[in-house]
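Coordinates in review
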Amino acid sequence: MKDPVEDQVKFRRALQKPKDLRRRDRRRGQCKQEKLLETRLDSQLVSSASCKSLVFPARPGYGQLGTKCLVKANHFLADISASDLSHYNVKITPEVTSRKTSKAIIAELVRLHRKTDLGMRLPVYDGGRNLYTAGLLPFAYKEFTILLNEDDEGTGSTREREFEVVIKFAARVSMHQLRELLSGKQVDTPQEALTVIDIVLRELAAQSFVSIGRFLYSPDLRKPQQLGGGLESWRGFYQSIRPTQMGLSLNIDMSSMAFIEPIPVIDFVAQILGKDVLSKPLSDADRVKIKKALRGVKVEVTHRGSFRRKYRITGLTSQPTRELNFPVDEKMNMKSVVDYFQEMYGYTIIYSHLPCLQVGSQKKVNYLPMEACKIVGGQRYTKGLNEKQITSLLKVSCQRPREQETDILQTIQQNDYEYNPYAKEFGISIDSKLASVEARVLPAPWLKYHDTGREKEYLPQVGQWNMMNKVSSDIKRLQYWACINFSRSIQESTARGFCQQLVQMCQISGMEFSQDPVIPIYSARPDLVKKALKYVHSAVLDKLGGKELELLIAILPDNNGSLYGDLKRICETDLGLISQCCLTKHVFKINRQYLANVALKINVKMGGRNTVLLDALSWRIPLVSDIPTIIFGADVTHPESGEDPCPSIAAVVASQDWPEVTKYAGLVCAQPHREELIQDLFKCWKDPHHGIVYGGMIRELLLSFKKATGQKPLRIIFYRDGVSEGQFYQVLLYELDAIRKACASLEPSYQPPVTFVVVQKRHHTRLFSNNHDDRNSTDKSGNILPGTVVDSKICHPTEFDFYLCSHAGIQGTSRPAHYHVLWDENNFTADEIQSLTNNLCYTYARCTRSVSVVPPAYYAHLAAYRARFYMDPDVPEIAKSRGARSKDESVRPLPALKEKVKSVMFYC
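Since the structure is predicted, the reported quantities are computational estimates derived from the model, not experimental observations.

Quick word on the overall build of the protein
Within the protein, the regular secondary structure consists of 24 helices and 41 strands. Dimensions along the principal axes, computed over C-alpha positions, put the protein at roughly 85 × 75 × 70 Å. Each of the 908 residues in the protein was classed as buried or not, and the buried ones make up 55%. Considering only contacts within the protein whose residues lie at least 6 apart along the sequence, 72% involve residues at least 24 apart. Of the roughly 41000 Å² of accessible surface on the protein, a fraction of 49% belongs to carbon and sulfur atoms.

Here is the structure:
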């Protein structure tokens, strides 16, 4: 048995900062005090050369709390009989950049040489430089010459090319470490062995499906559904091999993805623009929109009968086809595109008012009329979807648990691993039954409401409740409010009636809410949002003799473009106003449940508290109630693929009340594009007037906790959202170090114990009821009951993780959150961390439901999303992106939140 003290020492050693991060810190301010701080912290954390010795905490045991039950998981037991695999390096000359071409070359090599030079081995290839076999090939080094016919996307022609392929032995891939891990020994995850098994199991499917990462899609699994705008959804599945307590597990999940419809280009353009393009010329704006949508799309020509050359679109002509001419010889004799197609192919261009597609290189541009081109099938759409398309895709992919389970089982049967030649070659077998897993349903916590209500305490049923007969536990007085109406379709009388009903609902929920606004409801144009906000702000200041507005209610059009973001940015970073936006559709059709939810949001934005755990008030929450404890939530949101230059946004929230732990202050910052490590957790710089200055989000939130409670936190619980498994070590090393430094910057000896938990929602484990017809084991949607927790069988063989479905399903199949404890100085038991996490899910401020993710992580996500609106719209994109591409350059900081705003839950 390992000595736990030895593990702890190893873990502390691993927390030395990587060299590149040290260099970054030094750039922030070369100063003796900063170095002293680093030295002091590093001496506490004991230095080491690398993170290889880092070991995540072992599972402290299994949870016992709750009602035991059985669930099924979309995990299938896998086994591999091969003891050792062989790894070979592959070099293809001339160099090939396309994985598809690389795979075609190796497939041809295997077809020609399997029975001879390859000694009957059936290798698998990753499309890059790695080839794997079960056992050794007859050679350690060999060169092959392969001829391959391939399409030239620039000219559209097919040509035969010769490639030299060198296969060279690299290493043996041992299965020993994998078997050690699966037997329960604490060893590093043998990533290469798992990668090989993954490649083997997807090799056959990848030959007939469109492969995107770990996903495989086909139009044959289900008839593609139109999404609008020239897109359609394809059905597919996710497949991944994982080490679990039951052994190797194959995780299979269903998926839907947007693909470009294989339709004539003219039809695609008409759908993109939403109008007839056959008779009317295109505007410049239309042309820009089409160019953006079509760039990089592969098309085939249709004007040459059965001869269908393929090209990739590089651009769009600025002139219509009828005005296009090009040189036909070296003497620069010109010919029009219309005449060329007529003379060369006997093809009459009908829609000559439309621009041509540009294909080929910049040196030799070819023109293709839109009407003579059709989009090639099987192309994934990589740009952002609009709201309508997102709704359509969600509708297509949304499945009830029983349907989802059936589809997963059908996928396993269709993949037929028993007769898969690659699986056979490597001795891999896959069970065809869903894993049956022991689970527990944790009890819901009692909630405490204000003593003035009829129901002072309440026990939620199946993850939901309402505010009838209840008064918010901590109510705030709201005296000064105003309303701006940005919706032209709403009359002042309608807006006034809505405001009166909202005020009444706030009063019913316990708030002391003044009946009338400070000034009459102000109507304004959406394009004059800044002017309107400043007018209302100053008008209120004048009327109240310098006293500030406490709440602004804003009525917005249903489709309001940038209005919502502009309003939030101006209110929160310029004027220091708390605002509540309401859409026109809710003002016209007043719904009491909607008003109740808005009242909840207003109360917390005013600094109130809607509900609190009864156990918190009676000091009964283990490892929270005994000493002042602060709970952090952190998240980083990255721009969508279509917004490449934009920076990423990090957000950190922290509880500001103890023992209640329900109010969370939030801070946000911009950081380099796609950077996952939160850069501004701790900062140290040299100020010419004040000397060494310490800052950063952790330090500021620790100080605000002390200001709010009168005590400094003696325990830290840190929920970190959005980290993939491959980033666990890196994020823990960097961010725990920042937490340590932030604490030490307040007092040299101040080092409260930290528990660091990663929260994952983007995984593919689904849990199903053992019996879909048993109403006692499912909620109304057919999903497993809220509070269902799993910490055995499908979880990590040795590490401290669990799946928790803390919410009741609404539609589709519920996705449990996956919690992974990466660092635990507070020594939580499984029951303690699981019940704390589940109970916190009942304290989410915006609704009367338990939520799917622990609220601090949820709030951090909301805050990060809100901060996207803070990027200055007047700054050109180039300036916005400065530093986003290179991680060494600085990023333009976000405007600071006003003090009044950041002390409350403004992001709700």
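The structure having been displayed, the exposition proceeds.
Notes on the sheet that holds strand S5 (residues 130-134)
Spatially, S4-S5-S3-S7-S6 is the arrangement adopted by the five strands of the open sheet, whose pairing is antiparallel. Looking at the sheet topology across the chains shown, the edges are occupied by strand S4 (124-125) and strand S6 (141-151). With two bridges connecting them, S4 and S5 associate as antiparallel partners. By the bridge assignment for S5, Tyr-125 is matched with Leu-131. Contacting strand S3 (84-93), S4, S5, S6 and strand S7 (158-174), helix H4 (residues 99-113) runs over the sheet at an angle of about 120° to S6.

What to know about the sheet that holds strand S14 (residues 310-320)
The strands making up a sheet associate through backbone hydrogen bonding, with each pair oriented either parallel or antiparallel. The strand order S18-S17-S14-S13-S19 describes an open sheet built from five strands, whose pairing is antiparallel. The open sheet is flanked by strand S18 (365-369) and strand S19 (373-375), the only strands paired with a single partner. Each strand axis lies, on average, 50° off the axis of its neighbour in the sheet, ignoring direction. The pairing of S14 with strand S17 (residues 355-360) spans four bridges and is classified as antiparallel. Looking at the pairing, Ile-313 lines up with Val-359 of S17. Contacting strand S13 (298-301), S17 and S19, helix H7 (residues 265-273) crosses the sheet at an angle of about 65° to S19.

Here's the deal with the nonpolar core
Of all hydrophobic cores here, the largest spans 90 residues; its most connected members are Ile-602, Tyr-719, Tyr-859 and Tyr-907. Ranked by the residues each element gives to this core, the list is headed by helix H17 (residues 592-605), at eight residues. In contact with Ile-602, not counting residues within four places along its chain, are Leu-478, Leu-502, Cys-506, Met-511, Phe-513, Leu-551 and Gln-580. By size, the runner-up hydrophobic cluster in this structure holds 57 residues, among which are Val-96, Phe-163, Ala-193 and Val-196.

A closer look at the packing of aromatic side chains
As enumerated under the stated definition, the model contains 29 aromatic pairs in all. In textbook terms, an aromatic cluster arises when at least three aromatic residues are bridged by ring pairs, as seen for Tyr-664, Tyr-844, Tyr-858, Tyr-859, Phe-906 and Tyr-907. For Lys-470, the ring lying beneath its charged end belongs to Tyr-458, and the centroid distance is 4.3 Å.

A word on the pattern of salt bridges
Summed over all chains, the structure comprises 42 salt bridges. Notably, a salt bridge pairs Asp-657 with Arg-609, separated by 2.8 Å at the nearest N-O pair. Residue Asp-657 is found in the loop between strand S32 (648-655) and strand S33 (664-671), and its partner Arg-609 is found in the loop between H17 and strand S30 (612-613); the two are separated by 48 residues along the sequence. Pair check on accessibility: Asp-657 and Arg-609 agree, each one buried. The structure contains a network of salt bridges with shared partners spanning Asp-474, Arg-609, Asp-657, Glu-660 and Lys-663.

Overview of the side chain of Ser-473
Considering the arrangement of structural elements, one finds Ser-473 in the loop between strand S23 (457-458) and strand S24 (477-478). When residues no more than four places from it in sequence are discounted, the contact partners of Ser-473 are Lys-448, Tyr-449, His-450, Arg-609, Asn-610, Thr-611 and Val-612.

Considerations on H4
In this model, H4 (15 residues) spans 21 Å end to end at C-alpha, consistent with the 21 Å of a helix rising 1.5 Å per residue. All of the buried residues along H4 are Thr-101, Ser-102, Ile-105, Ile-106, Glu-108, Leu-109, Val-110 and His-113. Contacts made by the buried residues of H4 are with S3, S4, S5, S6 and S7. A side-chain oxygen of the first residue of H4 lies 3.3 Å from the backbone nitrogen of Lys-100; this N-cap is Ser-98.

Looking at the pairing of strand S29 (residues 579-583)
With four of its five residues buried, S29 lies for the most part within the structure. Inspection of the sheet shows strand S28 (residues 551-556) paired to S29 by five bridges, in the parallel sense. Of the residues in S29, the one forming a bridge with Ala-554 is Cys-581. Handedness of the β-α-β unit built from S28, helix H15 (residues 563-575) and S29 comes out right-handed.

Things to note about helix H14 (residues 529-543)
Across its 15 residues, H14 extends 21 Å between first and last C-alpha, which sits within 8% of the 21 Å expected from 1.5 Å per residue. If you follow the buried residues of H14, they end up packed against strand S25 (481-485), strand S27 (522-523), S28 and H15. After H14 finishes, the residue Gly-545 shows a positive phi value of roughly 65°.

Details of the packing of helix H13 (residues 492-508) against H17
At a closest axis distance of 9 Å, the pairing of H13 and H17 adopts a crossing angle of 65°. With respect to their mutual orientation, H13 and H17 come out roughly perpendicular. Handedness of the crossing formed by H13 with H17: right-handed. In this structure, H13 contributes Phe-498, Gln-501, Leu-502, Met-505, Cys-506 and Ile-508 to the contact, and H17 contributes Arg-592, Tyr-594, Leu-595, Ala-596, Val-598, Ala-599 and Ile-602. Its residues placed into classes, the contact of H13 with H17 shows eleven nonpolar, one polar and one charged.

Reading guide: rules and limits
- Residues numbered from 1 in each chain as written.
- Predicted model: local features only at pLDDT ≥ 70, side-chain atom pairs only at ≥ 80, totals over all residues.
- Heavy atoms only, no water.
- Helix = DSSP H or I, 4+ residues; strand = E, 2+ residues; numbered from the N terminus.
- Buried < 20%, exposed > 50% of the residue type's maximum accessible area, 1.4 Å probe, protein only.
- Contact = heavy atoms within 4.5 Å.
- Areas by Shrake-Rupley, 256 points an atom, 1.4 Å probe, with all protein chains shown as cover.
- Pairing = 2+ DSSP bridges.
- Axes fitted to C-alpha atoms, helices over the stretch in contact; angles between N-to-C directions.
- Core = buried A, V, L, I, M, F, W, Y, C linked by side-chain atoms within 4.5 Å.
- Phe/Tyr/Trp six-rings, centres within 6.5 Å; stacked < 30°, edge-to-face > 60°.
- Lys NZ or Arg CZ within 6 Å of the ring centre and 35° of its normal.
- Salt bridge = Lys/Arg side-chain N within 4 Å of Asp/Glu carboxyl O.
- Expected span 1.5 Å × (residues − 1).
- Polar contact = N/O pair within 3.5 Å; in protein donor to acceptor, adjacent residues only side chain to side chain.
- Right-handed = clockwise from strand over helix to strand, strands pointing away.
- Parallel < 35°, antiparallel > 145°, perpendicular 65-115°, else oblique.
- Left-handed = near helix turned anticlockwise from the far one by under 90°.
- Nonpolar A, V, L, I, M, F, W, Y, C, P; charged D, E, K, R; others polar.

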